Amino acid sequence: MNDQWTKELKERVQKIQAGGATKYHEKNAEQNKLFVRDRLELLLDSGTIRVEDGLFANCMEEGLPADGVITVTGKMNGQTVCVMANDSTVKAGSWGSRTVEKIIRIQETAQKLKVPMLYLVDSAGARITDQLEMFPNRRGAGRIFYNQVKMSGMVPQVCILFGPSAAGGAYIPAFCDIVIMVDKNASMYLASPRMAEMVIGQKVTLEEMGGARMHCSVSGCGDVLAKNEEEAIEMARRYLSYFPANYKQKTSKIEAKSIQAGIRSIEEVVPDNQNVAFDMKEMIRALIDENSFFEMKELFAKEIITGFARLDGRAVGIIANQSKMKTGSLFVDSADKSARFITLCDAFNIPLIFLSDIPGFMIGTQVERSGIIRHGAKMIAAMSEATVPKISIIVRKAYGAGLYAMAGPAFEPDCCLALPTAKIAVMGPEAAVNAVYSNKIAQLEESERNEFIQQKREEYQEDINLYRLASELIIDGIIAPNRLRDELKERLELYESKEMIFSERKHPVYPV
Amino acid sequence: MNKVEASMAGTVWKVLVSEGDVVDSGQDVIILESMKMEIPLSAEIDGKVSKIMVNEGDFVAEGDVLLELVGM
């Protein structure tokens, strides 16, 4: 073959790989944004195979290299993955018809290979000028979301948001299992502030409308807030290390580590006084392998802690009440956060550990008006349906429907164990005595009241005595705090072969 | 100006400071009682208590401003 052909090909490839015009690269750099191919270098294992399709997409047009999106299949932590990555130097990463087709094809590849799909989003949205070719048709942008829904629970889907994700494009993160957002640069919104001002007359900043911090702490649309792009990519790599390639597999066990050195023991962390808060994260650290905690939605609905960890080298999902935040009661957002986390773990065969220290679901008009009952039902439904190993630990208290939501005995956990300090009841002694004897208390002379209340509280305490609950086989065992980690290790190993079908039907009618 | 807000609905159990008191960032200023738990609320800045809006025993909703501080 004539050298000329090879030379021309090489030149064309290099030009496409360089992305958009220099000024857009400079603008990227000003915003501390990396070029899309550099992001991929950081994301994928170096020196391993990777293939890229559709490099020449729209190459007959000037100024649209790869049509603004890169689609590759490569390796992460040794695991094959499929990736689509917007190139913000090409028409601000906007979508034309070939952009959309490329995204659909890499999704189809991920489905065929049954491997994780990553979306590196940095896009202004649809190219309105191309709308007929990319918006309404069978293989238009809608198909991307349709595919995402189809793939949900089949393979892990990860979104890293580096820049905007606007209008319809904002649904890519919404259908992913995890959304990692880069602080200051990432944003998602259905309408930009400019559009909002025009249509509804509202004047706000981009950060208020759909900034990374807002989504990670208020709306709950974001899971992890990263301080820069490098950290965001590192978090994506860490996140996937807890996951198998697809729903048919299990996460491999890695080398076990001991707990972090020099931290307080569970006995020291958990206070005797039921009415005083403590930091549940300290207790988690005292149970898991050193530095293995990956928290989901750390800044959102902090009264519940959800995160992945390694225990004796095994991947687990931990869901724990944080009494330090809003007493650890379940609210609308925390019930939502829990339901989603439970579903995620169950989809990919990650065992669940529940650490209960819960006064109950929050009460009062504010939460009733927000639909606490249906949100609570959502969490209880997700927890009931989970067929992965479910270990329920009552750390300090589990009152009311809180016991149910935290995988209480009726919800078929593989075991429900309690620490010696634990209390399980419809409600705490103070509230219970008041509920049962309020008329009687009102009739008593002032001088007799305190003694009566005290006596009834003591009787109540006796009624919910933990050994009584164990004697009645309500709980499966009482465990010393310093034995808990070993107990969990052993049980996780024993439950590994668990297989169950929850119910036969098409699907439940979800309480949402 | 810095505000201390109720982190959740509940009753003001104890007001630990008086107007004019100087407080450090992180110092507990009010304790709420809700869901039979104590919820200490702390100052977010070093400052002087300029106004206390609640009394012990008051019911407060989430987000209510309980106390105002002026930075020092």
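Predicted model, so just to flag it, every value in this text is computed and none were measured.

Asks: Give me the overall build of chain B: which residues, what numbers.
Replies: Secondary structure summary: chain B contains zero helices and eight strands in total. The order of α-helices and β-strands along chain B, N terminus first, is β-β-β-β-β-β-β-β. Taking 2.2 N^0.38 as the reference for a compact globule, 72 residues should give roughly 11 Å; the C-alpha atoms of chain B span a radius of gyration of 11 Å, in line with that estimate. Overall, the C-alpha framework of chain B stretches about 35 × 20 × 20 Å when taken along its three principal axes.

Asks: Hey, could you go over the pairing of strand 6 (residues 178-182) of chain A for me, with residue numbers and the actual values?
Replies: Residue and element names in this part refer to chain A. Of all five residues making up strand 6, five are buried, and the element is well covered by its neighbours. Across the two faces of strand 6 the burial is the same, with Ile178, Ile180 and Val182 and Val179 and Met181 all buried. Bridge count between strand 5 (residues 157-166) and strand 6: four bridges; the pairing is parallel. Across the sheet, residue Val158 finds its bridge partner in strand 6, namely Ile178. Where strand 6 and strand 8 (residues 224-226) come together, three bridges link them in parallel fashion. Within strand 8, the position partnered with Met181 by the bridge is Leu225.

Asks: Give me the lowdown on the pattern of salt bridges, citing residues and values where you can.
Replies: Residues and elements named next belong to chain A. A full pass over the atoms with the stated rule returns 37 salt bridges over all chains. Of the charged contacts in the structure, one is a salt bridge between Arg213 and Asp183, with a shortest N-O distance of 3.5 Å. Taken as a pair, Arg213 in helix 10 (residues 212-219) and Asp183 in the loop between strand 6 and strand 7 (187-189) lie far apart in primary sequence, 30 residues in all. Judged by its relative accessible area of 41%, Arg213 is partly exposed.

Asks: Would you mind going over helix 14 (residues 332-347) of chain A in detail, with residue names and values included?
Replies: All names here are of chain A. Between the first and last C-alpha of helix 14 there are 23 Å, a value that for 16 residues agrees with the 22 Å anticipated at 1.5 Å per step. Among the residues of helix 14, Val332, Ser334, Ala335, Lys337, Ser338, Ala339, Phe341, Ile342, Leu344, Cys345 and Asp346 are the ones counted as buried. Looking at the residues trailing helix 14, positive phi occurs at Asn349, about 60 degrees.

Asks: Explain the interface of chain A and chain B to me, and be specific about the residues and the numbers.
Replies: Of the residues lining the interface, 19 residues belong to chain A; the matching set on chain B comes to 11 residues. Interface area for chain A against chain B, summed over the two sides, is near 1,200 Å², with a carbon-plus-sulfur share of 66%. Among the residues chain A hides against chain B, the three largest losses belong to Asn275, Lys326 and Thr327 of chain A. Together they make up 40% of the total. There are two residue pairs in polar contact (both at pLDDT 80 or more) connecting chain A and chain B. Among the elements of the structure, strand 13 (390-399) and helix 18 (429-443) of chain A are those that each provide at least two residues to the side of chain A that touches chain B. Partitioned by chemical class, the residues of the side of chain A that touches chain B number eight nonpolar, seven polar and four charged.

Asks: An account of the packing of aromatic side chains is requested, with residue identities and associated values reported.
Replies: All names here are of chain A. Within the structure shown, the criterion is met by 14 aromatic pairs over all chains. Ring centres of Phe243 and Phe348 lie 5.6 Å apart, and the angle between their planes is 70 degrees; this geometry places the pair in the edge-to-face category. Separated by 105 residues along the polypeptide, Phe243 in the loop between helix 11 (229-240) and helix 12 (266-269) and Phe348 in the loop between helix 14 and strand 12 (352-358) bring together distant segments of the chain. A residue is classified by how much of its surface remains accessible, and Phe243, at 8% relative accessible area, is buried. An aromatic cluster of three or more residues is present, and its members are Tyr239, Tyr242, Phe243, Phe294, Phe308, Phe341 and Phe348. Looking at Lys326, its charged tip hangs above the ring of Phe331, at a distance of 4.4 Å from the centre.

Asks: Describe the sheet that holds strand 4 (residues 28-34) of chain B, with residues and values.
Replies: All names here are of chain B. Here four strands make up an open sheet; going across it, the order is 5-4-2-7 and the pairing antiparallel. What marks the edges here is a single partner per strand, and that holds for strand 5 (37-42) and strand 7 (59-60). Where strand 4 and strand 5 come together, six bridges link them in antiparallel fashion. Residue pairing across strands places Ile30 opposite Leu41, the latter belonging to strand 5.

Asks: Summarise the packing of helix 18 of chain A against helix 19 (residues 446-463) of chain A; cite the residues concerned and give the values.
Replies: Residues and elements named next belong to chain A. Running from amino to carboxyl end, helix 18 crosses helix 19 at an angle of 135 degrees, the nearest separation of the two axes being 10 Å. Judged on the interaxial angle alone, helix 19 and helix 18 are oblique. Taken as a pair, helix 18 and helix 19 cross one another with a handedness that is right-handed. In this structure, helix 18 contributes Pro429, Glu430, Ala432, Val433, Tyr437, Lys440, Ile441 and Ala442 to the contact, and helix 19 contributes Arg449, Phe452, Ile453, Lys456, Arg457, Tyr460 and Gln461. For the contact of helix 18 with helix 19, the per-class residue count stands at nine nonpolar, one polar and five charged.

Asks: Can you break down unusual backbone geometry residue by residue, with the values?
Replies: The phi dihedral of Asn291 of chain A is positive, around 55 degrees, even though this residue is not glycine. With respect to the element layout, Asn291 of chain A can be found in the loop between helix 13 (280-285) and strand 9 (294-296). With relative accessibility at 62%, the residue Asn291 of chain A sits in the exposed group. Phi at Met35 of chain B is positive, roughly 50 degrees, even though this residue is not glycine. Among the secondary structure elements, Met35 of chain B is positioned in the loop between strand 4 and strand 5. You can call Met35 of chain B buried: its relative accessible area is 16%.

Asks: Would you mind going over the sheet that holds strand 1 (residues 2-5) of chain B in detail, with residue names and values included?
Replies: What holds strands together in a sheet is hydrogen bonding between their backbones, with the strands either parallel or antiparallel. Read across the sheet, four strands follow the order 1-8-6-3 (chain B) without closing on themselves; strand pairing throughout is antiparallel. The open sheet is flanked by strand 1 and strand 3 (22-23) of chain B, the only strands paired with a single partner.

Asks: An account of the confidence of the model for chain B is needed here, citing residue identities and associated values.
Replies: The predicted model of chain B averages 94 in pLDDT, with 100% of residues at 70 or higher. For this predicted complex, the interface score ipTM comes out at 0.87, alongside a pTM of 0.94.

Asks: Lay out the packing of helix 3 (residues 36-43) of chain A against helix 11 of chain A in plain terms, naming residues and giving numbers.
Replies: Residue and element names in this part refer to chain A. It is at 9 Å that the axes of helix 3 and helix 11 come closest, and there the two elements cross at 40 degrees. When the interaxial angle is binned, helix 3 and helix 11 end up oblique. Of the two elements, helix 3 crosses helix 11, and the hand of that crossing is right-handed. Facing helix 3, whose interface residues are Arg39, Leu42 and Leu43, helix 11 presents Glu229, Glu230, Ile233, Ala236 and Arg237.

Asks: Can you explain the nonpolar core? Please cite residues and give values.
Replies: Counting residues in each nonpolar core, the largest one holds 94 residues, and the members touching the most others are Leu43, Tyr239 and Phe308 of chain A together with Leu67 of chain B. Among the elements that line this core, the one with the most residues is helix 14 of chain A, at seven residues. Contacts of Leu43 of chain A, omitting those with residues within four sequence positions, involve Met76, Val83, Leu118, Leu120, Ile160, Ile233, Ala236 and Arg237 of chain A. Ranked by size, the runner-up nonpolar core spans 32 residues in total, among them Trp95, Ile106, Val121 and Leu225 of chain A.

Asks: Tell me about the side chain of Asp183 of chain A, residues and numbers included.
Replies: In this structure Asp183 of chain A comes out as buried when scored by relative accessible area, which is 14%. Discounting chain neighbours no more than four positions away, the residues touching Asp183 of chain A are Ala212, Arg213, Leu225, Ala226 and Lys227 of chain A.

Conventions used here
Residues numbered from 1 in each chain as written. Chains lettered and ligands numbered in written order. Predicted model: local features only at pLDDT ≥ 70, side-chain atom pairs only at ≥ 80, totals over all residues. Heavy atoms only, no water. Helix = DSSP H or I, 4+ residues; strand = E, 2+ residues; numbered from the N terminus. Rg over C-alpha atoms; globule rule 2.2 N^0.38 Å. Buried < 20%, exposed > 50% of the residue type's maximum accessible area, 1.4 Å probe, protein only. Pairing = 2+ DSSP bridges. Salt bridge = Lys/Arg side-chain N within 4 Å of Asp/Glu carboxyl O. Expected span 1.5 Å × (residues − 1). Contact = heavy atoms within 4.5 Å. Buried area = accessible area lost by both parts, 1.4 Å probe. Polar contact = N/O pair within 3.5 Å; in protein donor to acceptor, adjacent residues only side chain to side chain. Nonpolar A, V, L, I, M, F, W, Y, C, P; charged D, E, K, R; others polar. Phe/Tyr/Trp six-rings, centres within 6.5 Å; stacked < 30°, edge-to-face > 60°. Lys NZ or Arg CZ within 6 Å of the ring centre and 35° of its normal. Axes fitted to C-alpha atoms, helices over the stretch in contact; angles between N-to-C directions. Parallel < 35°, antiparallel > 145°, perpendicular 65-115°, else oblique. Left-handed = near helix turned anticlockwise from the far one by under 90°. pLDDT = per-residue confidence, 0-100. Core = buried A, V, L, I, M, F, W, Y, C linked by side-chain atoms within 4.5 Å.

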